[in-house]
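# Examining the three-dimensional arrangement
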Amino acid sequence: MEAFSSLKTPVFELSPNEVQTAISKMGNVGRDSLSPDSRAALYYRQGHGLLWVDRQGINPMADTLVQCLHQLSSIGLSETYFKVKEIEEDLQRYHALDFDQQHSADDVTARLEYNLTRAYLQYAAGQRYGFVNPRAAIGGMYDVAIERPNEAFYQSAFSKVLTDSVGEFLRAAEPQTSMYSQLKRQLVDSTSDASRRRILINMERCRWRDKKPMPSTGKRIVVNIPAFMLYAYDTNSSTEMRIGCGKVATKTPLLSSAIEYMQVNPEWSIPQSIVDNDVLHHAGDSGYFARHRYYIAERATGKKVAVGSVSSSMLASGKYRVAQDGGRGNSLGRIVFRFKNNFSVYLHDTSTPGFFQNAWRGVSHGCVRVQRPFDLACFLLGNTVDEWTLDKIRISMDIPPVTEQGSEYVRTHRPAENENGRKLPYRLVSTLQVTPHVPLYITYYTLYPDLSGRIQSYPDVYGYDQTIWSHLKKFI
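So, a few notes on the structure that sits alongside this text. (Residues numbered from 1 in each chain as written. Predicted model: local features only at pLDDT ≥ 70, side-chain atom pairs only at ≥ 80, totals over all residues. Heavy atoms only, no water.)

## Re the overall build of the protein
- Scanning the protein for helices and strands turns up 17 helices and 18 strands.
- Scaling as 2.2 N^0.38, a compact globule of 476 residues should have a C-alpha radius of gyration of about 23 Å, whereas the protein reaches 31 Å, well beyond that.
- For the protein, the spread of C-alpha atoms along the principal axes amounts to about 110 × 50 × 40 Å.
- The buried share of the protein, reckoned over its 476 residues, is 47%.
- Expressed as a percentage of contacts within the protein between residues at least 6 apart in sequence, the contacts between residues at least 24 apart total 68%.
- Carbon and sulfur atoms provide 49% of the accessible area of the protein, an area that totals close to 23500 Å².
- Between the centroid of the 55 positive side chains of the protein and the centroid of its 49 negative side chains there is a distance of 8 Å. (Helix = DSSP H or I, 4+ residues; strand = E, 2+ residues; numbered from the N terminus. Rg over C-alpha atoms; globule rule 2.2 N^0.38 Å. Buried < 20%, exposed > 50% of the residue type's maximum accessible area, 1.4 Å probe, protein only. Contact = heavy atoms within 4.5 Å. Areas by Shrake-Rupley, 256 points an atom, 1.4 Å probe, with all protein chains shown as cover. Lys, Arg positive; Asp, Glu negative; His and termini not counted. Charge placed at Lys NZ, Arg CZ, Asp CG, Glu CD.)

## Quick notes on the sheet that holds strand S8 (residues 268-269)
- Pairing is antiparallel across the open sheet formed by four strands, whose spatial order is S8-S11-S9-S10. Looking along the sheet, the strands with just one partner apiece sit at the ends: S8 and strand S10 (304-305).
- As defined by bridge partners, S8 adjoins strand S11 (residues 320-324) across two bridges and the pair is classed as antiparallel. What sits directly across from Ser269, in S11, is Ala323. (Pairing = 2+ DSSP bridges.)

## Overview of the pairing of strand S6 (residues 238-246)
- Sheet analysis places strand S5 (residues 229-233) next to S6, joined by five bridges and oriented antiparallel. Among the inter-strand pairings, Leu230 is bridged to a residue of S6, identified as Met241.
- Here S5 folds back onto S6, and the loop between the two strands holds four residues.
- By the bridge criterion, two bridges tie S6 to strand S15 (residues 368-370) in an arrangement that is antiparallel. In the sheet register, Ile243 faces S15, and the bridge partner there is Val370.
- As paired strands, S6 and strand S14 (residues 362-364) are joined by two bridges and run parallel to one another. Bridge assignment links Cys245 to a residue of S14, and that residue is Gly362.

## So, empty space enclosed by the protein
- Under the defined criterion, the tally for this structure stands at one cavity of 30 Å³ or more.
- Here the largest cavity defines a volume of roughly 40 Å³.
- When residues in the lining of the largest cavity are grouped by element, the largest group, four residues, is from helix H10 (residues 193-207). (1 Å grid on protein atoms, 1.4 Å probe; cavity = no way out; pocket = protein on both sides within 12 Å on 5 of 7 lines; lining within 4 Å. Points joined across faces, edges and corners; volume = space filled by probe spheres on them.)

## Details of the side chain of Lys219
- On the secondary structure map, Lys219 appears in the loop between H10 and strand S4 (220-224).
- The side chain of Lys219 sits in the buried core without any salt bridge; Asp234 is the nearest counter-charge, 4.7 Å away.
- Here the side chain of Lys219 touches Phe379 through a polar contact of 2.4 Å, landing on its backbone oxygen.
- Setting aside its immediate chain neighbours within four residues, Lys219 contacts Tyr233, Asp234, Phe379, Leu380, Leu381, Gly382, Val438 and Pro439. (Salt bridge = Lys/Arg side-chain N within 4 Å of Asp/Glu carboxyl O. Polar contact = N/O pair within 3.5 Å; in protein donor to acceptor, adjacent residues only side chain to side chain.)

## With respect to the side chain of Thr252
- Among the secondary structure elements, Thr252 is positioned in the loop between S6 and strand S7 (254-264).
- The exposure class assigned to Thr252 is buried, which follows from its relative accessible area of 0%.
- A distance of 2.7 Å separates the side chain of Thr252 from the backbone nitrogen of Gly246, its partner in a polar contact.
- In this structure, Thr252 is in contact with Met141, Ile225, Cys245, Gly246, Ser364, Gly366, Cys367, Val368, Ile442 and Tyr462, ignoring residues within four places of it in sequence.

## Section: a negative patch on the surface
- Taken together, the side chains of Glu79, Glu86, Glu88 and Glu89 make up a negatively charged region of the molecular surface.
- Tracing the backbone through its elements, the reader meets Glu88 in helix H4 (residues 84-96).
- Note on Glu88: relative accessible area 33%, which makes it partly exposed. (Patch = residues over 30% accessible without salt bridge, like charges linked within 9 Å, V, L, I, M, F, W, Y side chains within 5 Å.)

## Topic: the layout of surface pockets
- By volume, the largest pocket amounts to about 1000 Å³.
- If you go around the largest pocket, you meet 42 residues; those closest to its centre are Arg220, Val222, Tyr441, Thr443 and Tyr445.
- Of all elements in the fold, only helix H9 (178-189), H10, S4, S7, strand S16 (431-443) and strand S17 (447-449) reach the threshold of two or more residues within the lining of the largest pocket.
- Tallying contributions element by element places S16 first for the lining of the largest pocket, with four residues.
- Taken together, the residues of the lining of the largest pocket break down into 23 nonpolar, 12 polar and seven charged.
- Volume-wise, the second largest pocket comes out at about 600 Å³.
- For the second largest pocket, the lining is made up of 30 residues, of which Trp268, Ile274, Ser364, His365 and Gly366 are closest to its centre.
- When contributions to the lining of the second largest pocket are tallied by element, the ones reaching two or more residues are helix H11 (272-279) and S14. (Nonpolar A, V, L, I, M, F, W, Y, C, P; charged D, E, K, R; others polar.)

## Thoughts on the packing of helix H1 (residues 16-24) against helix H5 (residues 105-129)
- For the pair H1 and H5, interaxial distance at closest approach is 8 Å and the crossing angle is 50 degrees. With respect to each other, H1 and H5 are oriented oblique. Like other packed secondary-structure pairs, H1 and H5 cross with a definite hand, here right-handed. Along the contact surface, H1 presents Glu18, Val19, Ala22 and Ile23, while H5 presents Asp106, Thr109, Ala110, Glu113 and Tyr114.
- By residue class, the composition of the contact of H1 with H5 is five nonpolar, one polar and three charged. (Axes fitted to C-alpha atoms, helices over the stretch in contact; angles between N-to-C directions. Parallel < 35°, antiparallel > 145°, perpendicular 65-115°, else oblique. Left-handed = near helix turned anticlockwise from the far one by under 90°.)

## A closer look at the packing of helix H2 (residues 36-45) against H5
- Axis separation between H2 and H5 bottoms out at 8 Å; the angle between their running directions is 140 degrees. Taken together, the axes of H2 and H5 lie oblique to each other. Here H2 and H5 pass one another in a crossing that is right-handed. Of the residues in H5, those in contact with Pro36, Asp37, Arg39, Ala40, Ala41 and Tyr44 of H2 are Glu113, Tyr114, Thr117, Arg118, Leu121, Gln122 and Ala125.
- Here the contact of H2 with H5 is composed, by residue class, of seven nonpolar, two polar and four charged.

## Let's talk about the pattern of salt bridges
- Enumeration over the complete set of coordinates arrives at 19 salt bridges.
- Here Asp465 and Arg205 are joined by a salt bridge, their closest N and O atoms 2.7 Å apart. One end of the pair, Asp465, is in helix H17 (residues 464-472); the other, Arg205, is in helix H10, with 260 residues separating them in the sequence. The pair Asp465 / Arg205 is uniform in exposure class, with both members buried.

Set out below in structure tokens:
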């Protein structure tokens, strides 16, 4: 080596310390140390070796990554954000040994290392987990525990560079759903800025993956709020029905859960927020409470109390519960479908079905009202019940029975009456378990396939498209 010492040129000389110092000036570890930018900076700050440059020169995986980055336009992403031009210019300098005082080997190596790693992690993490965190964009109304990048993901990403598997890793990160593929094809043919933006936003939604997906039972229920529709999917069949959901001021939350049971002729325990807004100023008005079939009970004991003895301040204290008797005219209708969630919302029938004929069906305080509740009950129960059980549901919901046993029961049993002479509902059945539980997804897609598989467009009823776009557009 001493014989070659006279050929040494400073601009070609690499200093590991100088490279590490230069890289440390390029990126910062932010508050979210698992964001792709922060993780790229942290990798070098912790003193790890170079990924893309070694004693042989440029790792071939750098060229593989650049080829993948040239496909960004197919999913609407910006080469500028990923610094593709800067990366290619520095790769060219490396391949041509085009170093000088302005672009020394140390500087070019540092830029290449950081820009390649940053672009690689941004692309891989964005495709695998989403470029936008829906919790940051939508807030508390998004209550799905989705997967987010973790240390294991980044360690795997780094190892793929060293094992020549970058292309395979990036291809595996891309969503594999048929809906994503359809949207990707639509993006190629779209020429309108507004149309492209809507496609890109819904492609982003496809990247958000449930951290704890519901166990598959062959059945699933999907409520898509912008479509005001419910879709019930079975292994070999599917059906749909209209829904009403939360008003803009009282939005229906986005969540994933599973329907566990249903109740026929349920009592409606009125949420305190509705009591405060709608009932409080009627305190003491016995006529109002009688018309709506409301009653008041102490929360601590469950004992009913006279309406006239409870003032508005007593109702506001939260020590009293206001509820509506089950049956005809109940706000929940004749049946409710229960599932675990953090918002006390559920799917249910309605006593005012006329709104289903409207295009805009934002009518509730957050719950989802379904157009054909008996059909939904049949779908959920499947072959776990016999026809007589279904007839008991029909009779209890004032639907004509279809079996001889049901018809005979209606002929021979008169419904009971309350103290005011009002007919009470038949109560042949109260609670029915849904076994196994059926997964439920309350979603928000402004582009979504109908039952034939064709993508349809729906209005941005809660303004979430605009909010997501404000976070996504820097990548576009």
